[in-house]
Amino acid sequence: MSFYNYIFGPKLYMEYKGVPEPQRKMYEPGAVEKFGEQILSTLSVVWSVSYYTSPLIFTFLYRRGYFVADSIPTLAKFTTSVGFIVIISLFMRGVGRRQSKAYTNMVNALVQAKANKSSEPLRRFDIDFSAWPVDFDVKAAAGELKKPTNTVGRREGFSIAAIPCEVIAYLAINTFGLSMIYPGSVKLLQKFMRPMLISGRAKLIEDDNGIRYKVKTIDSNEIDTLFVDNRSDNVGNGKTLVICSEGNAGFYEVGIMGTPIALKYSVLGWNHPGFAGSTGSPHPDQDKNAIDAVVRFAINQLGFAVEDIILYGWSIGGFSTLWAASIYPEVKGVILDATFDDVLYLAQPRMPQSLGGIVRVAIRKYCNLNNAELAMKYNGPIMLIRRTEDEIIAEDNRIDTNRGNYLTMGVLRYRYPNLFTASQLSRTKGLLSKPLETYSYTVAEEKLCMSRLITYASDEGKAFPMLIGADYNDEVRNQMALFLLRKHLRDYNSTHCTQLPGEFFNIPWDIPIEHGFVFT
């Protein structure tokens, strides 16, 4: 085995699957490798900090006169010294790894995996995912391929006077702005969370028999996914696949997969581009291509029918979920937990009022996460879950400012415009300004509301917007509006980041169609 493979091979984090007890065995490097790795890790952290503070560093160096010809020898000595330290550290790492039996076994498995173009030999190791071979490439998948998605903002009239604002918006979103919207993409945070991610991934693999896959998108990003297959459980929900889309600082290793796994669904988790093992950055176009690739992987390689897939999104993951639902409308249903209507209305209050115009341009042109608009492109069953103590998508924990309220009303207004007129919307807004009280329909009321919907859908179809209710009076509209609100929304008394209990995870409600049904 070439010494090069030991120097530049991937980090080994853990051994499992077939090793002696204890099953989860963190890789412990020898003293030589550990010393070299610590130096390289320290330099990596310094580089990361320097990257984010580079404007301050360059300003300091400029004022001290380092950007003149006389300072070149000093800078050259400094860079040469750092380079020498890096070379020595790499050599020590290589020597230490070569002395490790566990690392040698991993390198042999990696070489075998690349030769066979299969990740199977690597499944007993947790390594730096960049070295993992691709398990599924969208470009090679059967069926017509979509072109890479480009996020298009709302077109507004061109104005020369607006150019400075647009330039600042572009620079802001591509420097610190996207990291503020998706803090999980910040490498320093990922370094801090790495032990938790390794532990969470080990639990999914060892306890839930999860299998890790690398999925390559149409724009050549590599997405880190993990699949838990419960199809062999004939008495459970395993024939249905739940695809989980995490929040802006969420990772599948410690995220929302736990809820559907506990209910014995088959579950597929994935990390946004730029998160943990996924490459790229979480620009909306890359995120759309990522979730498209994940759904294609579920259909083409894992063997699930579109009709057997539930899309489950938490927080900002609702955007990925609704995008997937808009291009795969035949899915079994969509579940949105703690999701907002439009990221613009979350971004503006968190920035100085004087920058409101720049924030608007940056969001609309480069990061237009508008869930309310996307929801109108999906006609299937949908369920929304609102956290009554939400501190992230509500101002000062006030439930009446929860952006999920506006998403809920937007969905209902679009789907049932004649049932949610101005009067009913005002009444609904009032209901949503506090936790929904427990309300029990009588059997007669339940049957009456359902029979109205079934009769209309059986005669006219379930396409939205559904024009039922044009001839109803306000009393009937109020009754139907309350019925539909409670069928589409559930309240969970919790803050934003609490794991969702299984009792709140249900297949979304749908209107059954009975051809020949007559309302009585």
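Residues numbered from 1 in each chain as written. Predicted model: local features only at pLDDT ≥ 70, side-chain atom pairs only at ≥ 80, totals over all residues. Heavy atoms only, no water.

Remarks on the overall build of the protein
The condition that has to hold: To qualify as a helix, a DSSP run of H or I must reach at least 4 residues; to qualify as a strand, a run of E must reach at least 2; elements of each kind are numbered from the N terminus. Computation of the radius of gyration draws on C-alpha atoms alone. For the globule rule, the value is 2.2 Å times the number of residues to the power 0.38. Exposed residues in this analysis have more than 50% of their type's maximum accessible area, buried residues have under 20%, and partly exposed residues fall in between, with area computed by a 1.4 Å probe over protein chains only. Any two residues having at least one pair of non-hydrogen atoms within 4.5 Å are treated as being in contact. For the area figures, the Shrake-Rupley method with a 1.4 Å probe applies, and any residue is considered shielded solely by the protein chains shown. Residues scored as positive are Lys and Arg, those scored as negative are Asp and Glu, and His as well as the terminal groups of each chain are ignored. Note that the charge is assigned to NZ on lysines, CZ on arginines, CG on aspartates and CD on glutamates.
When its secondary structure is counted, the protein shows 17 helices and 12 strands. By the compact-globule yardstick of 24 Å for 520 residues, the protein fits well, its C-alpha radius of gyration being 26 Å. On the principal axes, the C-alpha backbone points of the protein span a range of 85 × 60 × 40 Å. A total of 520 residues make up the protein; the buried ones form 49% of that total. Of all intrachain contacts in the protein linking residues separated by at least 6 positions in sequence, the fraction that spans at least 24 positions is 76%. As presented, the protein carries roughly 24,900 Å² of accessible surface, and 58% of it is formed by carbon and sulfur atoms. Each charge sign in the protein was given a centre, from 56 positive and 52 negative side chains, and these centres are 6 Å apart.

Here's the deal with the sheet that holds strand β1 (residues 12-15)
In plain terms, the rule: Pairing between two strands requires that DSSP report at least two bridges joining them.
The three strands are arranged β2-β1-β3 in an open sheet whose pairing can be described as antiparallel. Since the sheet does not close on itself, it has two edges, and those belong to β2 (25-26) and β3 (125-127), each with one partner. Bridge count between β1 and β3: three bridges; the pairing is antiparallel. Note that in β3 the partner of M14 across the bridge is D126.

Focus on the pattern of salt bridges
Two side chains with opposite charge may pair up if their charged atoms get near one another. Stated precisely, the cut-off is as follows: A pair is scored as a salt bridge if a Lys or Arg side-chain nitrogen falls within 4 Å of a carboxyl oxygen belonging to Asp or Glu.
All chains considered together, the criterion is met by 22 salt bridges. Note that D135 and R123 form a salt bridge whose closest N and O atoms lie 3.9 Å from each other. Within this pair, whereas D135 is found in the loop between β3 and β4 (136-137), its partner R123 is found in the loop between α5 (101-116) and β3, the two being separated by 12 residues in sequence. For R123, a relative accessible area of 15% corresponds to the buried category. R212 is the partner of D126 in a salt bridge, and the nearest nitrogen-oxygen pair spans 3.4 Å. With D126 in strand β3 and R212 in strand β5 (residues 211-216), this pair connects stretches of sequence that are 86 residues apart.

Some words on the sheet that holds strand β9 (residues 309-314)
Taking strand neighbours across the sheet as the criterion, the nine strands line up as β4-β5-β6-β8-β7-β9-β10-β11-β12 in an open arrangement whose pairing is mixed. Unpaired on one side and paired on the other, β4 and β12 (489-492) mark the two borders of the sheet. Bridge count between β5 and strand β6 (residues 222-228): six bridges; the pairing is antiparallel. When the bridges of β6 are listed, V215 appears paired with I223.

Here's the deal with the layout of surface pockets
Condition: Grid spacing is 1 Å over the protein atoms alone, the probe is 1.4 Å, and a cavity is where that probe fits but cannot get out, while a pocket is an open set with protein on both sides within 12 Å along at least five of seven lines and lining residues have an atom within 4 Å of a point. Grid points are joined across faces, edges and corners, and a volume is the space filled by probe spheres set on the points.
The space that makes up the largest pocket amounts to roughly 1,200 Å³. In this structure, the largest pocket is lined by 43 residues; those nearest its centre are S185, K187, Q190, G274 and A276. Residue assignment for the lining of the largest pocket shows that the elements contributing at least two residues are α2 (31-52), α3 (54-63), α6 (163-181) and α7 (187-206). Among the elements that take part in the lining of the largest pocket, α2 stands out by supplying eight residues, more than any other.

Overview of the nonpolar core
Applicable threshold: The criterion is simple. A nonpolar core is a set of buried Ala, Val, Leu, Ile, Met, Phe, Trp, Tyr and Cys residues joined through side-chain atoms within 4.5 Å.
In terms of nonpolar packing, the biggest core is built from 88 residues, with I243, L268, L311, L369, Y416, L453 and L484 touching the most fellow members. Here the element with the most residues in this core is helix α9 (residues 284-300); it accounts for seven residues. Once residues within four sequence positions are removed from consideration, L369 is found in contact with I181, Y182, P284, I316, F319, F340, D341, D342 and V343.

A short note on the side chain of D341
Inspection of the secondary structure puts D341 in the loop between β10 (333-337) and α11 (344-347). Residues in contact with D341, not counting those within four places in the same chain, are L369, N370, N371, A372, R403, Y406 and L407.

Here we look at helix α14 (residues 403-415)
As a reminder, the rule being used: The span expected for a helix works out to 1.5 Å for each residue beyond the first. Two N or O atoms count as a polar contact when they lie within 3.5 Å, although within protein this holds only if one can serve as hydrogen donor and the other as acceptor, and sequence-adjacent residues are included solely when both atoms are side-chain atoms.
If you check α14, its first and last C-alpha atoms are 19 Å apart, about what 13 residues at 1.5 Å a residue would give, namely 18 Å. A large share of α14 lies buried, amounting to 10 of its 13 residues. Two to three positions downstream of the cap, the backbone nitrogen of G404 sits 2.7 Å from a side-chain oxygen, assigning the N-cap of α14 to N402.

Points about empty space enclosed by the protein
Summed over the entire model, instances satisfying the criterion amount to three cavities of 30 Å³ or more. Of the voids in this model, the largest cavity is the one considered here, and its volume is about 70 Å³. In terms of lining, the largest cavity is formed by 14 residues, of which the most central are A338, T339, I385, R386 and G404. The set of elements that each furnish at least two residues to the lining of the largest cavity consists of β11 (382-387) and α14. For the lining of the largest cavity, the element with the most residues is β11, which contributes four residues.

Comments concerning α9
Residue pairs spaced three or four apart in an α-helix point in one direction, given the helix's 3.6 residues per turn. When the terminal C-alpha atoms of α9 are compared, their 24 Å separation across 17 residues agrees well with the 24 Å that a helix rising 1.5 Å per residue should span. The element α9 is largely enclosed, with a buried count of 14 among its 17 residues.

So, the packing of aromatic side chains
In this description, an aromatic ring pair is defined by two values, namely the gap between the centres and the angle between the planes. Put simply, the test is: Each aromatic pair joins two rings of Phe, Tyr and Trp (for Trp, the six-membered one) with centres within 6.5 Å, and gets the label stacked for planes under 30 degrees apart, edge-to-face for over 60, and tilted for any other angle.
Here the structure, examined in full by the defined rule, presents 16 aromatic pairs. Between F3 and F91, the ring centres sit 5.9 Å apart and the planes meet at 65 degrees, which makes this aromatic pair edge-to-face. Highlighted residues: F3 in helix α1 (residues 3-7) and F91 in helix α4 (residues 72-98), separated in sequence by 88 residues. For F3, a relative accessible area of 23% gives the class partly exposed.

Observations regarding the confidence of the model for the protein
The condition is simple: The quantity known as pLDDT measures the predictor's confidence residue by residue, on a range of 0 to 100.
Per-residue confidence for the protein gives a mean pLDDT of 90, with 93% of residues at or over 70. This stretch, residues 516-520, has a pLDDT under 50; its non-local contacts, to residues over four places away or in other chains, come to nine contacts.

So, the packing of α2 against α3
Heads up, the condition is: Working convention: axes come from line fits to C-alpha atoms, limited for helices to the stretch in contact. Angles between N-to-C directions cover 0 to 180 degrees. Roughly parallel means an angle under 35 degrees; roughly antiparallel, over 145; roughly perpendicular, 65 to 115; everything else is oblique.
Two elements in contact, α2 and α3, have axes separated by 4 Å at closest approach and are oriented at 85 degrees. Taken as axis vectors, α2 and α3 run roughly perpendicular relative to one another. On α3, the residues touching S50, Y51 and Y52 of α2 are S54, P55 and I57.

Things to note about the side chain of E37
Mapping E37 onto the fold places it in helix α2. A residue is classified by how much of its surface remains accessible, and E37, at 16% relative accessible area, is buried. For E37, the residues in contact, after removing those within four places along its chain, are K11, R93 and R97.

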